[in-house]
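Each chain is listed here by its residues.
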Amino acid sequence: MNFHGLLTVNDSGRLSTALTKLDENDLMPGEVTISVDYSTINYKDAMAISGRAVVIQSFPLVPGIDLAGTVEESSYPGIARGDRVVVNGWELGQTHHGGYAQFARVPGEWVVRLPDRLSTMEAMAIGTAGYTAMLCILALEHGGIEPSSGTVLVTGASGGVGSIAVALLSRLGYRVTASTGRIEESTYLRSLGASKIIDRAELSSPATDPLGTQRWSGAIDSVGSHTLVNVLSQTHDRGVVAACGLAQGTDLPGTVLPFILRNVTLAGIDSVHAPRELRELAWSRLADDLDREKLTQTMQTVGLGDVPGMVETLLAGRIRGRTVVDVNAIPRSTTGTGVVTS
Ligand code: NDP
């Protein structure tokens, strides 16, 4: 079995990623071998390939924290040859070869069968970002937030998590306000279902009032830092804020007052280690609740060799929505040289 993949190597702290020819011996241990159809580019993938954060922990490695494809071989109970599956999180693309290759072999417990209603391409248009958006919505629902509770805020709304969160919430009947630094994307965000757009500058400065005017029944925050503190201070009594990201920063420079005086819940979202039952629930809900036309609106498709060149654009916040990677779209001249990024 010969196939193509991106390989990231570490040369004395300098990471480079190139298109490479691989074979069966390059596959890692696991009970399930998957013929990969699609992967995707998440913020975390960009951090991994650029080396801006320590995401990849063993080298050389095929990056890519997401993949969807068809099972070639399986010795894992409940997963059979021909199943269409998705794998994301765990150690994929961190210590274990990830989604940017035409084949992957992974531990069976990482593998989730796709609902019949979702294609492998749709699964990667959703990807970790969309699946995380659904985990956030499950957290809001768990906290009792319903469409009748009031407006839900989505921060980082033009990004991957944000775009899908807006589309899902709107489809579920919530009134959605989208916070973005790209006001020029207002038309796009409205087409996904946002009823109001605010400039993220409204939320990104240090909070002046730990208990501001109550504006949000719930929020999905992919930004962190001052933005999350401001969101908490503006959340209704008994509201829920699902925190999944750190695009502004990892700090949380606020007070406990929203928690102890307004019963606000801060729900943490970790998609990487979510248990299988929660993953299956999230993918099933995505198959039911996501408007496919809106999903298509959020996505663009690129080939495997295009990934390294897109990293800086994504980190600069200039990619809208979701990017699907067709791992079988290989440039003709691939041997050895490929594409080097950093
Ligand atoms: P994207 O890069 O697609 O989107 C992030 C968005 O955040 C940008 O589009 C931008 O939106 C906004 N943003 C960027 N920089 C800043 C800034 N300095 N201040 C305020 N807003 C900013 O990333 P994803 O949607 O894939 O991921 C979003 C976040 O969620 C990331 O931090 C990622 O690491 C995290 N994440 C966490 C997961 C988990 O398991 N907890 C899983 C998946 C993602 P706009 O232009 O609209 O303002």
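Note that the structure is a prediction, hence the values are computed from the model and not measured.

Draft legend 1. Expanded view of the confidence of the model for the protein. Overall, the predicted model of the protein reaches an average pLDDT of 94, with 96% of residues at or above 70. Note that pLDDT drops below 50 for residues 333-342; the model gives that stretch 25 contacts with residues more than four away or on any other chain.

Draft legend 2. Representation of the side chain of Asp66. In this fold, Asp66 is placed in strand β4 (residues 66-74). Of the side chains bearing the opposite charge, Arg322 lies closest to the buried Asp66, which forms no salt bridge; the N-O distance is 4.7 Å. Not counting residues up to four positions away in its chain, the partners in contact with Asp66 are Ser39, Thr40, Asn42, Val87, Asn88, Leu92, Gly99, Met124, Gly127 and Thr128.

Draft legend 3. Fine view of empty space enclosed by the protein. Tallying each qualifying case throughout the model produces 1 cavity of 30 Å³ or more. By volume, the largest cavity is sized at about 50 Å³. Of the residues forming the lining of the largest cavity, the biggest block, 3 residues, is contributed by strand β6 (residues 103-106). Taken together, the residues of the lining of the largest cavity sort by class into 6 nonpolar, 2 polar and 2 charged.

Draft legend 4. Highlighting the sheet that holds strand β8 (residues 152-154). The sheet built from 6 strands is open, its strands ordered β10-β9-β8-β11-β12-β13 with parallel pairing. Only two strands of the sheet have a single neighbouring strand rather than two, namely β10 (196-199) and β13 (265-268). Strand-to-strand twist in this sheet, taken as the mean axis angle between neighbours without regard to direction, amounts to 20°. Packed onto the sheet, helix α6 (residues 225-233) meets β8, β11 (216-221), β12 (235-243) and β13 and runs at close to 155° relative to β12.

Draft legend 5. Highlighting the site of the ligand. Taken together, 24 residues lie around the ligand, and Val161, Thr180, Gly181, Arg200 and Ser271 are the ones closest in. Within the side chain of Thr180, an N or O atom sits 2.6 Å from an oxygen atom of the ligand. Contact distances for the ligand include 3.5 Å between an oxygen atom and a backbone N or O atom of Ala247. Protein burial of the ligand: of its 910 Å² of free accessible surface, 86% is covered by the chains. For the shell around the ligand, the secondary structure elements donating two or more residues are α2 (120-142) and α3 (160-171). Of the residues assigned to the shell around the ligand, the class counts are 9 nonpolar, 12 polar and 3 charged.

Procedures and definitions
Residues numbered from 1 in each chain as written. Predicted model: local features only at pLDDT ≥ 70, side-chain atom pairs only at ≥ 80, totals over all residues. Heavy atoms only, no water. pLDDT = per-residue confidence, 0-100. Contact = heavy atoms within 4.5 Å. Helix = DSSP H or I, 4+ residues; strand = E, 2+ residues; numbered from the N terminus. Buried < 20%, exposed > 50% of the residue type's maximum accessible area, 1.4 Å probe, protein only. Lys, Arg positive; Asp, Glu negative; His and termini not counted. Salt bridge = Lys/Arg side-chain N within 4 Å of Asp/Glu carboxyl O. 1 Å grid on protein atoms, 1.4 Å probe; cavity = no way out; pocket = protein on both sides within 12 Å on 5 of 7 lines; lining within 4 Å. Points joined across faces, edges and corners; volume = space filled by probe spheres on them. Nonpolar A, V, L, I, M, F, W, Y, C, P; charged D, E, K, R; others polar. Pairing = 2+ DSSP bridges. Axes fitted to C-alpha atoms, helices over the stretch in contact; angles between N-to-C directions. Near = heavy atom within 4 Å. Polar contact = N/O pair within 3.5 Å; in protein donor to acceptor, adjacent residues only side chain to side chain. Areas by Shrake-Rupley, 256 points an atom, 1.4 Å probe, with all protein chains shown as cover.

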